[in-house]
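# Analysis of the macromolecular model
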Amino acid sequence: MKEYNHKEIEERWQKNWKEKRTDKASENKDKKKCYILDMFPYPSGEGLHMGHAESYTSTDIMRRHKKMQGFDVLNIQGFDSFGLPAENYAIKTKTHPKETTKKNIANYVKQMTSLGFSYDFENKVVTSDPEYYKWTQYIFTQFFKNDLVYKKTDFINWCDSCKTGLANEQVEDGTCERCKNEVIKKEVPGWFFRITDFSDDLINDLDGLDWPEYTKKNQINWIGRSEGSEIEFKIKDLDRSFKVFTTRADTLFGATYCVLAPENKLVQDLKDSIENWNEVEKYIEKTKNKSEMDRIEGKEKTGVKLEGVKVVNPANEEELPLFISDYVLASYGTGAVMAVPAHDQRDFEFAKKFRLDIREVISSDEKNTKEEAFVGIGNLLNSGKFDGMSSEEAKKKITEFVGGELKINYRLRDWSVSRQRYWGSPIPIVYSPEGEAKLVPEEHLPWTLPEDVDFVPTGEAPLKKSKELLERTEKIFGKGWTPETDTLDTFVCSSWYYLRYPDPKNSEAFCSEEKLKRWLPVDLYIGGAEHTYMHLLYARFFTKAMKKIGLIDFSEPFLKLRHQGMVLDAKGVKMSKSKGNIVNPDDMVDRFGADAVRLYVMFAGPLDEDIIWNENNIVGMYRFLERIWKLKESVSEKTSEEIIPELHKLIKKVGDDLDNIKLNTAISTMMSFVNSAKSFSLSKEDYGSVLKLLAPFAPHITEELWMEIGNKDSIHASDWPKYNEDFAKDKKINFVIQVNGKLRSLIETNPDITGEEARELAENDEKIKKWIEGKDIKKVIFIKSRLINIIV
Ligand code: ANZ
């Protein structure tokens, strides 16, 4: 028998599958569909990393399994190819991002093919292709027509190193998620999607989804629903007022000052009444360079009192001082707070520093309120007629009493989608000579990205420098018309790509109605947990918005979601280019073959846990494949009686594990079966069944052996093996537990139970405990498959 030669086999089958187009969905309406989706990669110059290899292997396995079970599956992969890294690389190397993107994608395709992933690359989806972004732009225009997108000039997150605006979700601990530079607030005009219209749906609809609990929780926290009240404070002697948002209206009698965010427009309006304007203005300037994170977490509270201005507490007509301080954010609530130092820690620290009154209005059993605020609820005191009332009741009653309004606030902001960068989808908007924004009509989509652009970032949108874009605009719309020169955040492109997969070449629609109906929503989505806030939230918003305007008829895109863990190096450190500890999938495929690499990344641990890279174990996988290869020698007329039950158990177990995404245990069960099977004989059919079980995991070697035992059609198009329930069932026996020779308990267990296991079961058996507790066990008698007798 010839030796197992992974290289020769893998190359030959990959070629064969490609020629036969085995990757295509059948679109056979009699079959049920199963849509398993990968988070598509950004095609970076470094190529595929092990994390990709891991998650794409898992989905490839599950898709192959589903196909063998008779489902129609979709094998589309795409590339999230717009974005800053390609542009930054272009700046560095002076190559157009289009070129690098093309090259990188070709490399990814090569790598994915070499890993045996059955993607239909002839139908791949590339977000930077005009045929794709035409539809990104189309959806933008539909959002525009339905008032789901609008333009405003606002303080947005600004990264001065990337020279572009960022969405809140792209700010990590106050820094730019790309370059880690501190993010500041800058007032820039830009386009926003009304994601906040869907805040409640985005929270409530999580209920029906099979997603990891922590991902759901993170989304809920990010949306940050907060129930409170809006209460108006008047400014003394001036015909002006402002509203505060508070979650603790019950503490209104304890307010001893108020604070406006430095950016609050009211501050400018009060300019003439503010006696220390110079100082105020300086503070406002200083705030501009502070990140939101700094402001929220800032150790030392800072601020300036607005001299000459007093506000009136609506509850008791008391006059209070007014401050500006950066701990109040302009973007949350009303950008103004009533400060209750006795019951809010930030207010407490501020009051200490500025020597302001601290007045308790909620009774607490806790002592020591002098050192920090008591933030709990309780009964009211020092609150006039509300004394003695509970916090909960007082929140409503006091709001009513002062003519306030119960209100729900959200932390979620509308999604800022304008980027002052080059490599993104152009925003299909033009401006009339009067400055009015108008949609580029559909017949002009795709509104193509001009190529006559120098992309060195200056803070000005690179598209401003394109003559071609301006000329195109004037030619279509007339003299004096100008194009929008910002591009769309790349997260816009990735918010709907899964809707394109079923119909990637359609030039009449982003996806035909028929295909939408057949394939969506996605049944299972697998990808990294780092996408909790951005991609997953944005994609859910897109689905809801598109449903609202009738483009699709479902409101959640991903019914089931799982995250894969990270691949760590042998020392347990995350693999990264900067640490130089990356294991390149190409080298591994070259040395051990795709089948071994695939088995290894799946075997290393449960999919959702981190795995540690250990090269010795991949050698172990190679040996396993050699054993499968050799197992062919055990093929004879009949399967040995002894292993028939084991085979049925194996079929059941591997199938169940695949359904439950327990791919590591499926492999280990196959390994132990193969170990025991080598001393028995297997019929051709049963050997074929073993190959079938392994086929999704190791598609090449199994195809080869399948053909060698005389089959003509691909193993991957064969039916998933069936098992016989009677064989697959573990036989149970009634096992006797005695204490001092007397029957004290009877348990149902498997016949193979060992003495140790039996003793453990016995000691934990409630009926036995009372006989042995506190006594010395002198002796234990164990009779296999029958009884255990504990002598005390
Ligand atoms: C008075 C008060 C008294 C408050 C008290 C709390 C405790 P969440 O739960 O996050 O919604 N706040 C309101 N707007 C703010 C802004 N723009 N910047 C910073 N802080 C702001 O928090 C709501 C609470 O955060 C509000 O309730 C307000 O302080 C503060 F014993 O009002 B509270």
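Residues numbered from 1 in each chain as written. Predicted model: local features only at pLDDT ≥ 70, side-chain atom pairs only at ≥ 80, totals over all residues. Heavy atoms only, no water.

## Describing the overall build of the protein chain
The helix and strand tally for the protein chain stands at 27 helices and 33 strands. Expressed along its principal axes, the backbone C-alpha trace of the protein chain runs to roughly 100 × 85 × 50 Å. Going through the 792 residues of the protein chain one by one, you find that 54% of them count as buried. Sequence-distant contacts in the protein chain: of pairs separated by 6 or more residues, those separated by 24 or more amount to 72%. (Helix = DSSP H or I, 4+ residues; strand = E, 2+ residues; numbered from the N terminus. Buried < 20%, exposed > 50% of the residue type's maximum accessible area, 1.4 Å probe, protein only. Contact = heavy atoms within 4.5 Å.)

## Considering the pattern of salt bridges
Counted under the stated rule, the structure contains 56 salt bridges. For Asp-205, the salt bridge is made with Lys-544, and the minimal N-O distance between the two is 2.6 Å. Of this pair, Asp-205 sits in the loop between helix H6 (199-204) and helix H7 (213-223) while Lys-544 sits in helix H17 (residues 535-548), and the two are 339 residues apart along the sequence. What makes Asp-205 partly exposed here is its relative accessible area of 26%. On the basis of relative accessible area, Lys-544 is assigned to the buried category, the value being 4%. One salt bridge connects Glu-213 with Lys-216, and the closest N-O pair in it is separated by 3.8 Å. One end of the pair is Glu-213 and the other is Lys-216, both in helix H7 and 3 residues apart, which spans about a single turn. For Glu-213, a relative accessible area of 57% translates into the label exposed. Among the charged side chains, a network of salt bridges with common partners joins Lys-2, Glu-8, Arg-12, Lys-632, Glu-704 and Glu-708. (Salt bridge = Lys/Arg side-chain N within 4 Å of Asp/Glu carboxyl O.)

## Some details on the site of the ligand
The full set close to the ligand counts 17 residues, and Ser-226, Thr-246, Leu-329, Tyr-332 and His-343 are the nearest of them. One nitrogen or oxygen atom from the main chain of Leu-329 is found 2.7 Å from a nitrogen atom belonging to the ligand. Within the contact set of the ligand, an oxygen atom lies 2.5 Å away from a side-chain nitrogen or oxygen of Tyr-332. For the shell around the ligand, the secondary structure elements donating two or more residues are strand E12 (241-246) and strand E16 (336-339). Counted by class, the shell around the ligand contains 8 nonpolar, 6 polar and 3 charged residues. (Near = heavy atom within 4 Å. Polar contact = N/O pair within 3.5 Å; in protein donor to acceptor, adjacent residues only side chain to side chain. Nonpolar A, V, L, I, M, F, W, Y, C, P; charged D, E, K, R; others polar.)

## Quick notes on the sheet that holds strand E6 (residues 149-159)
Strands belonging to one sheet form pairs held by backbone hydrogen bonds; the direction of such a pair is parallel or antiparallel. Overall, antiparallel pairing links the 4 strands, which are arranged E7-E6-E10-E18 in an open sheet. Single-partner strands in this sheet number two, and they are strand E7 (164-166) and strand E18 (415-416). Docked against the sheet, helix H5 (residues 130-145) engages E6 and strand E10 (183-193), running at close to 85° with respect to E10. (Pairing = 2+ DSSP bridges. Axes fitted to C-alpha atoms, helices over the stretch in contact; angles between N-to-C directions.)

## Brief notes about empty space enclosed by the protein
Tallied over the entire structure, the rule returns 2 cavities of 30 Å³ or more. By volume, the largest cavity is sized at about 60 Å³. If you go around the largest cavity, the residues you meet are Lys-290, Asp-294, Arg-295, Gly-298, Glu-300, Lys-301, Thr-302, Asp-326 and Tyr-327. Of the volumes computed, that of the second largest cavity is approximately 30 Å³. Taken together, Ile-156, Val-188, Pro-189, Gly-190, Trp-191, Phe-192, Ser-416, Ser-418 and Gln-420 make up the full set of residues lining the second largest cavity. Among the elements that take part in the lining of the second largest cavity, E10 stands out by supplying 5 residues, more than any other. Residue classes in the lining of the second largest cavity are distributed as 5 nonpolar, 4 polar and no charged. (1 Å grid on protein atoms, 1.4 Å probe; cavity = no way out; pocket = protein on both sides within 12 Å on 5 of 7 lines; lining within 4 Å. Points joined across faces, edges and corners; volume = space filled by probe spheres on them.)

## A short note on the state of the cysteines
Tallied over the entire structure, the rule returns 0 disulfides. There is no disulfide at Cys-511, and the cysteine sulfur nearest it, in Cys-34, is 17 Å away. (Disulfide = S-S within 2.5 Å.)

## A look at the environment of Ser-325
When you line up the elements, Ser-325 lands in the loop between strand E15 (319-324) and E16. Taking the C-alpha atoms as reference, Ser-325 lies 64 Å from Leu-694; in sequence the two are 369 residues apart. When sequence neighbours within four positions are dropped, the list of residues in contact with Ser-325 reads Val-259, Leu-260, Ala-261, Pro-262, Tyr-283, Thr-302, Gly-303 and Phe-350.

## Points about the packing of helix H19 (residues 594-603) against helix H24 (residues 699-708)
Packing of H19 against H24 brings their axes to within 7 Å, and their N-to-C directions diverge by 125°. Looking at the two axes, H19 sits oblique to H24. Contacts from Ala-594, Asp-595 and Arg-598 in H19 reach Pro-699, His-700 and Ile-701 in H24. Looking at side-chain class alone, the contact of H19 with H24 contains 3 nonpolar, 1 polar and 2 charged residues. (Parallel < 35°, antiparallel > 145°, perpendicular 65-115°, else oblique.)

## Examining helix H23 (residues 684-694)
For H23, the tally of buried residues reaches 9 of 11 residues, placing the bulk of the element in the interior. Here H23 has its buried residues at Asp-686, Tyr-687, Gly-688, Ser-689, Val-690, Leu-691, Lys-692, Leu-693 and Leu-694.

## Let's talk about the pairing of strand E11 (residues 225-235)
Where E11 lies against strand E17 (residues 405-410), 6 bridges are found, and the strand directions are antiparallel. Note on E17: the bridge partner recorded for Glu-227 is Ile-408. Alignment of E11 against E12, held across 6 bridges, turns out to be antiparallel. Residue pairing across strands places Lys-234 opposite Ser-241, the latter belonging to E12.

## A short note on the sheet that holds strand E30 (residues 733-739)
What the 4 strands build is an open sheet, ordered E31-E30-E33-E32; its pairing is mixed. A single partner strand is all that each edge strand has here, and the edge strands are strand E31 (742-749) and strand E32 (779-783). The mean angle between the axes of side-by-side strands here comes to 15°, regardless of whether they run parallel or antiparallel. Strand direction decides the pairing type here: E30 and E31, joined by 7 bridges, are antiparallel.

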